[in-house]
Amino acid sequence: MYTKLTAPLIFNGYHFEPENAVLILKNGRVEEIIPSEQAGEDIKNYEGILTPGFVNVHCHTELSYLKNKIPRHTGLVNFVQQVLQLRNSENKTELITNAIKEMENSGTVAVGDICNTTDSLAAKQHTPVHFSNFIELSGFVDSMAEPRFAAMLHVKNQFESGGLSATLVPHAPYSVSPALFRLIGENSHGKLISIHSQECEAENTFFQSGKGEMYDLYRNLGIDISFFIPSGKTSIQTWLPYFTGQPVIAVHNTFISAEDVKAAKQVSFCICIKANLYIENKLPPLDKLMNEDAHMVLGTDSFASNDSLNLYDEVKTIRKHFPEIPYETLLRWATSNGARTLQVDDRLGSFTKGYTPGVVQIHNENSKKII
């Protein structure tokens, strides 16, 4: 069965189509985009823009129980401590299911999701949204590397037994020991890695000098890190060599430099601008990233640091703070760039013939799933 759709603007995943274009699908699969005079009858007209489904490269659906629980602008160190203190919720599965439904209804078709537990597994087995599950490890003391690795390997195996793909990844440079980095690198060699990177200035300071708020965080947690020897380099230049030659998603990048970007050519830089504003009240240096022709993608982060999991809200917020960035560029970050990064660009992210990317309508500053 053919479906014919048109709107004042059709974004195909890479650029806007000429005016009066019609998107033709057969059972949800893209057939072609043609001029309206060639499309015949039974064309459905929509206001606004039609675009492929969005790709949310970074989320934590299992933290959905933390919505409205953590105050804004606490800074990353205080934010992390509150996440640790507020763990537990009796209705996690329901809240995770609702979070996934919100993403789906607002147009998201694929998600890179961070997992510390199997809390989200059941909900993901009953949704059309594609999930790339990143099983996150942390532990800054080398002696704990093997038990931490074994525990999260068990979580990974449970996801795979449930029919879902999963990869072991590091949480953040400041929370993963060298021994644990090596174990992750060996297990996930050649696979897509996700890591929180340069989310606050204290992270760079910690690796450059061994001082600052990150040091205070471990002291407050009662963890002895007297063994730690700072690299004298920025965070990303310290951890990136563990993953030479494989694809990496660096998430946040709020305090990245142009030199860092130049040193990270295999990296997709994921921007979660609303989370940056929520936690640190800082904007990521998009000018530095774009000047180096970085591969840019978008994420929402979690309800712990955001009031919405609608990826289009991220686009709107970037447009508000960076009006000079072309709209077409931002939509590319939200669709085809994200699909390429999550390695699902063989079927999602663009209106390419044979693909099933879903169709989203953007109208009156809102987005919603059409197909």
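See the structure printed just above.
Residues numbered from 1 in each chain as written. Predicted model: local features only at pLDDT ≥ 70, side-chain atom pairs only at ≥ 80, totals over all residues. Heavy atoms only, no water.

Undergrad: Describe in detail the pattern of salt bridges, supporting the description with residues and values.
TA: As enumerated under the stated definition, the model contains 11 salt bridges in all. Among the ionic pairs, E160 bridges to K156, the shortest N-O distance being 2.9 Å. With a gap of four residues between them, E160 and K156 both fall in helix α4 (residues 145-161), about one helical turn apart. Classification of E160 as partly exposed rests on a relative accessible area of 37%. (Salt bridge = Lys/Arg side-chain N within 4 Å of Asp/Glu carboxyl O. Helix = DSSP H or I, 4+ residues; strand = E, 2+ residues; numbered from the N terminus. Buried < 20%, exposed > 50% of the residue type's maximum accessible area, 1.4 Å probe, protein only.)

Undergrad: If you had to explain the layout of surface pockets to someone new, which residues and values would you point to?
TA: To locate leftover empty space, one rolls a probe as large as a water molecule over the atoms. Space inside the largest pocket adds up to approximately 800 Å³. Secondary structure elements with two or more residues in the lining of the largest pocket: α1 (76-85), β9 (130-137), α4 and α7 (213-220). Here the element with the most residues in the lining of the largest pocket is α1; it accounts for five residues. A per-class count over the lining of the largest pocket returns 18 nonpolar, nine polar and five charged. Together, 15 residues line the second largest pocket, and T108, V109, P128, V129 and G358 are the ones closest to its centre. Taken together, the residues of the lining of the second largest pocket break down into six nonpolar, six polar and three charged. (1 Å grid on protein atoms, 1.4 Å probe; cavity = no way out; pocket = protein on both sides within 12 Å on 5 of 7 lines; lining within 4 Å. Points joined across faces, edges and corners; volume = space filled by probe spheres on them. Nonpolar A, V, L, I, M, F, W, Y, C, P; charged D, E, K, R; others polar.)

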